[in-house]
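Structure assessment
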Amino acid sequence: MSKTPSDLSPVEAMALAQAIRISDCNDVSALPEQTSHPVDFTVHVKGNVTRGVGTPRRGTNRARTSASMIMLLVASGVTRNHSPRKIIEKWSEIGTLDKDGFSLLYESLSDEERALYDECISLFEQEIVGKLPLIPVKGGVKFKGNITKE
């Protein structure tokens, strides 16, 4: 069984896909883990589907993989004698931070550390991210309307 009914037009399928966000209704108490529940219901979807402007972006989410970070450390001359355990521990700490947590960490840096970070991030943006090819991106699809159970 397809998740996209073949009798819906592409625009209707986009409207249905955008009409409900799973994060708004993902209730574990209603459907606990490792369970299933049969459903058979009809809804009426009425509204307007729009697409925004697509803007090209660089082909990266800027996330570094562990393999590329380790290669960078090795190529930079980090050896067992240069405290890789401390680097890995800090990396582990930083990897658990959300955006606000990372901002707090940045604010806690000394002026010298902050200047070094700013210089490194600027070089990374210019020399690595800035040289990646642009990827065309479709404009976002939005649905404004109503869904009623029939």
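Relevant structure appears above.
A short tour of the structure in this document, coming up.

Cut-offs and rules
- Residues numbered from 1 in each chain as written.
- Predicted model: local features only at pLDDT ≥ 70, side-chain atom pairs only at ≥ 80, totals over all residues.
- Heavy atoms only, no water.
- Axes fitted to C-alpha atoms, helices over the stretch in contact; angles between N-to-C directions.
- Helix = DSSP H or I, 4+ residues; strand = E, 2+ residues; numbered from the N terminus.
- Parallel < 35°, antiparallel > 145°, perpendicular 65-115°, else oblique.
- Contact = heavy atoms within 4.5 Å.
- Nonpolar A, V, L, I, M, F, W, Y, C, P; charged D, E, K, R; others polar.
- Salt bridge = Lys/Arg side-chain N within 4 Å of Asp/Glu carboxyl O.
- Buried < 20%, exposed > 50% of the residue type's maximum accessible area, 1.4 Å probe, protein only.
- Patch = residues over 30% accessible without salt bridge, like charges linked within 9 Å, V, L, I, M, F, W, Y side chains within 5 Å.
- Areas by Shrake-Rupley, 256 points an atom, 1.4 Å probe, with all protein chains shown as cover.
- Arc of directions from axis to C-beta.
- Polar contact = N/O pair within 3.5 Å; in protein donor to acceptor, adjacent residues only side chain to side chain.
- Phe/Tyr/Trp six-rings, centres within 6.5 Å; stacked < 30°, edge-to-face > 60°.

Here we look at the packing of helix α5 (residues 99-107) against helix α6 (residues 111-127)
To describe two helices that pack against each other, one gives the angle between their axes and the distance between the axes. Running from N to C, α5 and α6 point in directions that differ by 125°, and their axes come no closer than 9 Å. Regarding the angle of α5 to α6, the classification is oblique. Here α5 contributes Phe 102, Tyr 106 and Glu 107 to the contact with α6, which in turn contributes Arg 114, Tyr 117 and Asp 118. For the contact of α5 with α6, a count of residues per class yields three nonpolar, no polar and three charged.

So, the pattern of salt bridges
The full count for this structure, using the stated rule, is three salt bridges. For the salt bridge of Glu 127 with Lys 131, the shortest nitrogen-to-oxygen distance reads 3.0 Å. A relative accessible area of 59% means that Lys 131 is categorised as exposed.

Let's talk about a nonpolar patch on the surface
A surface patch of nonpolar side chains, amounting to about 580 Å² of accessible area, comprises Leu 16, Ile 20, Val 39, Phe 41, Val 43, Val 45 and Ile 147. Its location among the elements puts Val 43 in strand β1 (residues 43-51).

A few points about α5
For α5, every residue scored as buried is listed here: Gly 101, Leu 105 and Tyr 106. End-on view of α5: buried residues confined to an arc of 140°, all on one side of the axis. Structural note: α5 exposes Lys 99, Asp 100, Leu 104 and Glu 107 on the side pointing more than 90 degrees away from its buried face. Two to three positions downstream of the cap, the backbone nitrogen of Asp 100 sits 3.3 Å from a side-chain oxygen, assigning the N-cap of α5 to Asp 98.

Considerations on the packing of aromatic side chains
Following the criterion strictly, the structure yields two aromatic pairs and no others. Judged by centre distance (6.1 Å) and plane angle (55°), the ring pair of Phe 102 and Tyr 117 falls under tilted. Here Phe 102, found in helix α5, pairs with Tyr 117, found in helix α6; they are 15 residues apart in sequence, far enough to count as distant. Residue Phe 102 is classed as partly exposed on the basis of its relative accessible area of 31%. With a relative accessible area of 29%, Tyr 117 lands in the partly exposed category.

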